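# Residue-level structure breakdown
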Amino acid sequence: MRSRVAGTGSYLPSQVLTNHELARRVDTSDAWIRSRTGIRERRIAAPAESTSDLALHAARAALDAAGVAAQDVDLIIVATTTPDMVFPSTACLLQAKLGARGGPAFDVQAVCSGFVYALTVADRMIAGGLARNALVVGAEIYSRILDWNDRGTCVLFGDGAGAVVLLPSTTPGIVSAHLHADGRYADVLCVPGTLSEGQVAGSPFVRMDGGAVFKFAVTVLAEVAGEALAAARLTAADIHWLVPHQANIRIIEATAKRLGVPMERVVTTVERHANTSAASIPLALDEAARDGRLETGQRVLLLGVGGGFTWGAVLLQW
Ligand code: UT7
């Protein structure tokens, strides 16, 4: 038994924050942000919205697309770095909001690689008979862990959620997965804080060595894409769509160039969404699925990279 993506969904909060608006708050400019990152605007969650609320909207859209009723959802995995609370998991909170019960529910923490990690676990749980179906969500509210005075990080991120529903299948929809991590690079991209004795110990904000992240991302994304292609005995020419993590258009373009995939076959949303961490890949996937770019039978390669460091690829047959 294998699994396949039966439906996708996504959600963006309604508030748009443009580069021009940001430039009024912090020493930056639309020209700098656009030329260095490709980002034009990002979405910001409303004060009353939680990560599980964003996840709920995306989940409902994916369940509708898959024709699965919310109460029939079995496994729920939420990939998030910005959970509603320390515990219970955002997945458990989402399960209750959906009106589902009894199936396993848990969060995956692999930062911007979280969605490819979660998708892999869900696929293997269906294949192993541990789940009848799965709802896999990437949902983030990064706006709440950014230092809005730090122009080096606050211009890069946004809020949103994306989801897929996996159903059992005799033909492989998820063809292969390749996941990696190297904890020696933990300091390069982190939120170095925790809760202790009733207070935040350390910093609750994103800290990043942008240059180091940039170089690492370009190297490992091309490497893991090569690994996925070699395992399937394919070349880049056999890939119909590349759906990479949306951190920076220059990272995406450098990866596509190294692989020899033209940008016309790369799904990009970074201009409008900025970096939504674990949500970026399912947001991009949903956009391409809904506007008809993804066609049945096509090969889609998802590429994730993020804090940890973590990185990975999932090859899909659509
Ligand atoms: O999911 C993974 C999450 N993280 C990433 O993907 C980030 C990866 N890294 C990057 O995207 C890029 O390294 C950045 C966009 C963060 C930075 O771009 P860069 O071309 O590497 O710029 P830089 O860090 O070399 O900075 C160049 C200059 C510096 O000024 P000086 O020292 O040359 O005078 C910065 O202080 O740009 C300055 N700068 C800014 N200027 C205006 C840094 N941030 C800003 C800003 N606006 N927002």
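Residues numbered from 1 in each chain as written. Predicted model: local features only at pLDDT ≥ 70, side-chain atom pairs only at ≥ 80, totals over all residues. Heavy atoms only, no water.

### Considerations on the sheet that holds strand β1 (residues 2-11)
Here we have 5 strands laid out as an open sheet, ordered β1-β7-β6-β4-β5, and mixed in their pairing. Strands with a single pairing partner mark the edges of an open sheet, and in this sheet they are β1 and β5 (105-108). Sheet twist, expressed as the mean angle between neighbouring strand axes with direction ignored, is 20 degrees. Of the pairings in the sheet, the one linking strand β6 (residues 134-141) to strand β7 (residues 159-169) comprises 8 bridges and is antiparallel in character. (Pairing = 2+ DSSP bridges. Helix = DSSP H or I, 4+ residues; strand = E, 2+ residues; numbered from the N terminus. Axes fitted to C-alpha atoms, helices over the stretch in contact; angles between N-to-C directions.)

### Concerning the pairing of strand β13 (residues 241-244)
Going residue by residue along β13, you find Trp241 and Val243 tucked away on one face and Leu242 and Pro244 tucked away on the opposite face as well. The sheet contact formed by β13 and strand β14 (residues 299-306) spans 4 bridges and is parallel. Among the inter-strand pairings, Leu242 is bridged to a residue of β14, identified as Leu301. (Buried < 20%, exposed > 50% of the residue type's maximum accessible area, 1.4 Å probe, protein only.)

### Topic: the sheet that holds β13
Judged by pairing direction, the sheet is mixed, and its 4 strands sit side by side in the order β8-β15-β14-β13 without closing on themselves. Taken across any chain shown, the strands that pair with only one partner, and hence form the sheet edges, are β8 (174-181) and β13. Each strand of the sheet is rotated relative to its neighbour by a mean of 10 degrees, with strand direction disregarded. In this fold helix α5 (residues 114-127) packs onto β8, β14 and β15 (310-317), with an angle of close to 130 degrees to the strand it touches most, β8. (Contact = heavy atoms within 4.5 Å.)

### Brief notes about the pairing of β1
Where burial is concerned, most of β1 is hidden: 7 out of the 10 residues are buried. Pairing analysis gives 9 bridges linking β1 to β7, with the strands arranged antiparallel. In the strand pairing of β7, Gly9 is matched with Ala163.

### Examining the packing of aromatic side chains
The geometry of two aromatic rings is summed up by the distance between their centres and the angle between their planes. In total, this model carries 5 aromatic pairs according to the counting rule given. The interplanar angle of 50 degrees and the centroid separation of 5.8 Å between the aromatic rings of Tyr185 and Phe309 together place this pair among those described as tilted. Taken together, the positions of Tyr185 in the loop between β8 and β9 (189-190) and Phe309 in the loop between β14 and β15 put the pair 124 residues apart, joining distant regions of the chain. Each ring, one from Phe216 and one from Phe309, has its centre 4.1 Å from the other, and the planes form 10 degrees; the classification is stacked. Taken together, the residues Phe216 in helix α7 (residues 210-231) and Phe309 in the loop between β14 and β15 connect sequence positions 93 residues apart. A residue is classified by how much of its surface remains accessible, and Phe309, at 2% relative accessible area, is buried. (Phe/Tyr/Trp six-rings, centres within 6.5 Å; stacked < 30°, edge-to-face > 60°.)

### Structural notes on the domain arrangement of the chain
Many analyses report the size of an interface as the accessible area lost when the parts associate. By the assigned domains, the chain splits into domain 1 (2-170) and domain 2 (175-317). The centre of domain 1, based on its C-alpha atoms, is set 14 Å off from the matching centre of domain 2. With 49 residues of domain 1 in contact, the opposing surface of domain 2 contributes 43 residues. When domain 1 packs against domain 2, close to 3,500 Å² is buried across both sides, 64% of that on carbon and sulfur atoms. For domain 1, the biggest contributors to the area lost against domain 2 are Cys112, Val116 and Tyr117; these three give 17% of the whole. Seen at the junction of domain 1 and domain 2, the total is 1 salt bridge. (Domains from an automatic or database assignment. Buried area = accessible area lost by both parts, 1.4 Å probe. Salt bridge = Lys/Arg side-chain N within 4 Å of Asp/Glu carboxyl O.)

### Topic: the site of the ligand
The environment of the ligand is made up of 22 residues, and the closest members are Thr28, Arg36, Arg151, His245 and Asn248. The contact in question runs from an oxygen atom of the ligand to an N or O atom on the side chain of Arg36, over 2.8 Å. Contacts to the ligand include Asn248, whose side-chain N or O atom sits 2.7 Å from an oxygen atom. Here the ligand loses 69% of its free accessible area of 960 Å² to cover by the protein chains. Of all elements in the fold, only α2 (30-37), α6 (151-154), α7 and α8 (249-259) reach the threshold of two or more residues within the shell around the ligand. Looking at the shell around the ligand, the element that brings in the most residues is α7, giving 4 residues. Looking at side-chain class alone, the shell around the ligand contains 10 nonpolar, 8 polar and 4 charged residues. For the shell around the ligand, the domains that each give at least three residues are domain 1 (2-170) and domain 2 (175-317). (Near = heavy atom within 4 Å. Polar contact = N/O pair within 3.5 Å; in protein donor to acceptor, adjacent residues only side chain to side chain. Areas by Shrake-Rupley, 256 points an atom, 1.4 Å probe, with all protein chains shown as cover. Nonpolar A, V, L, I, M, F, W, Y, C, P; charged D, E, K, R; others polar.)

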